[in-house]
Amino acid sequence: MKTRVVVTLKPGVLDPQGKAVHHALTGLGFGGVNDVRVGKIVELDLADGTATADIEDMCRKLLANTVIENFRIEQA
Amino acid sequence: MKAAVIVFPGSNCDRDLAVAFRELTGHETTMVWHGDTTLPEGLDIIGVPGGFSYGDYLRSGAMAARSPIMRAVADAASKGVAVLGVCNGFQVLTETGLLPGALMRNAGLNFVCRDVGLTVGTSQTMFTSRYEDGEEIVIPVAHHDGNYFADDATLDRLEGEGRVAFRYAGNVNGSARGIAGIVNDAGNVLGMMPHPERMIESAHGRTDGRRIFEGLVGALS
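Below is a short write-up of the structure. (Residues numbered from 1 in each chain as written. Chains lettered and ligands numbered in written order. Predicted model: local features only at pLDDT ≥ 70, side-chain atom pairs only at ≥ 80, totals over all residues. Heavy atoms only, no water.)

Inspection of helix α6 (residues 210-220) of chain B places Ile212, Phe213, Gly215, Leu216 and Val217 of chain B among the buried residues, and these make up the whole buried set. Taken together, the buried residues of α6 of chain B touch α1 (14-25), β3 (45-48), β4 (82-86), β9 (164-168) and β11 (189-192) of chain B. (Buried < 20%, exposed > 50% of the residue type's maximum accessible area, 1.4 Å probe, protein only. Helix = DSSP H or I, 4+ residues; strand = E, 2+ residues; numbered from the N terminus. Contact = heavy atoms within 4.5 Å.)

Glancing now at the nonpolar core. Counting 68 residues, the largest nonpolar core has Leu39 and Phe166 of chain B as the members making the most contacts within it. Of all hydrophobic cores here, the second largest spans nine residues; its members include Val5, Val7, Leu44 and Ala64 of chain A. (Core = buried A, V, L, I, M, F, W, Y, C linked by side-chain atoms within 4.5 Å.)

Residues and elements named next belong to chain B. Under the defined criterion, the tally for this structure stands at 18 salt bridges over all chains. Its salt-bridge partner being lysine 79, residue aspartate 75 comes within 3.0 Å of it at the nearest N-O pair. Taking the relative accessible area as the measure of exposure, aspartate 75 reaches 39% and is therefore partly exposed. Across the pair glutamate 159 and arginine 167 runs a salt bridge whose closest N-O atoms are separated by 3.2 Å. Residue glutamate 159 is classed as partly exposed on the basis of its relative accessible area, which comes to 32%. Through salt bridges with shared partners, a single network forms among Asp152, Asp156, Glu159, Arg167 and Arg177. (Salt bridge = Lys/Arg side-chain N within 4 Å of Asp/Glu carboxyl O.)

To continue, consider the packing of α1 of chain B against α6 of chain B. All names here are of chain B. Where α1 meets α6, the axes come as close as 10 Å, and the angle between the chain directions of the two elements is 55°. Here α1 is positioned oblique relative to α6, judged by the angle of their axes. Viewed along their axes, α1 and α6 form a crossing whose handedness is right-handed. Listed contacts from α6 to Leu17, Ala20, Phe21, Leu24 and Thr25 of α1 are Arg210, Phe213, Glu214, Leu216 and Val217. Tallied by class, the residues present in the contact of α1 with α6 amount to seven nonpolar, one polar and two charged. (Axes fitted to C-alpha atoms, helices over the stretch in contact; angles between N-to-C directions. Parallel < 35°, antiparallel > 145°, perpendicular 65-115°, else oblique. Left-handed = near helix turned anticlockwise from the far one by under 90°. Nonpolar A, V, L, I, M, F, W, Y, C, P; charged D, E, K, R; others polar.)

All we've got here are geometric facts, nothing functional implied.
Below you can see the structure in the form of structure tokens.
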């Protein structure tokens, strides 16, 4: 069971990496980019039937730092 | 007096911290491997050193915080054993939840490696008792992820309870309210990004960090 966990910085938390990427995109001539936020994707190959609650537990205990990050679980 | 330093794969300030403890306690420091599940009996001080534990995989300190020994460190901290986390050690302590907040990428994106001015936030902790409130000292930093973040309620609580141990005199990394180091609510756990162990003897150029260790040893004697 392929599962993706998308980890993003919470709104309001400064993302200097996103700002640098935004700056570089503007420098490459791409206009109309209003904002850039950089996150990460963790791909999990899980045993079939793994409970969503367990995946959420993995996110809270390790994959995301909920002080600064949100997470979203995407199941194929 | 017994001190131990935790060693993770990728720690690189573990020996410096061990030397600082040895100098001030007069006893050899015990090095404890991250995969161990127990700490030596009768410890007074635990050092969580700087470095790049687990190559900073996932987030700085994230993997180290889940290593077997950190459960024992958390248990010891809850029983009042003094814990000093420096740089990556501070990151590990926030990731374990022993200290509030998180340490993010420096706002300027640069790795900052130089001596910085700090203001002592409080002299009312076992770590900072040898400083004056508001005293300016100089201690080196060397980090990429030292940008302290916590929500406003947490920051207000830290300030209201006198738990901000050190602030940057000039904010080098974008930290919320210039915070460079904090203590837990019981006052026995200090996390700080600057490296006091790198300024403990005259050969280091300055000795501004020495008083942290002196204060700690004095308080525990």
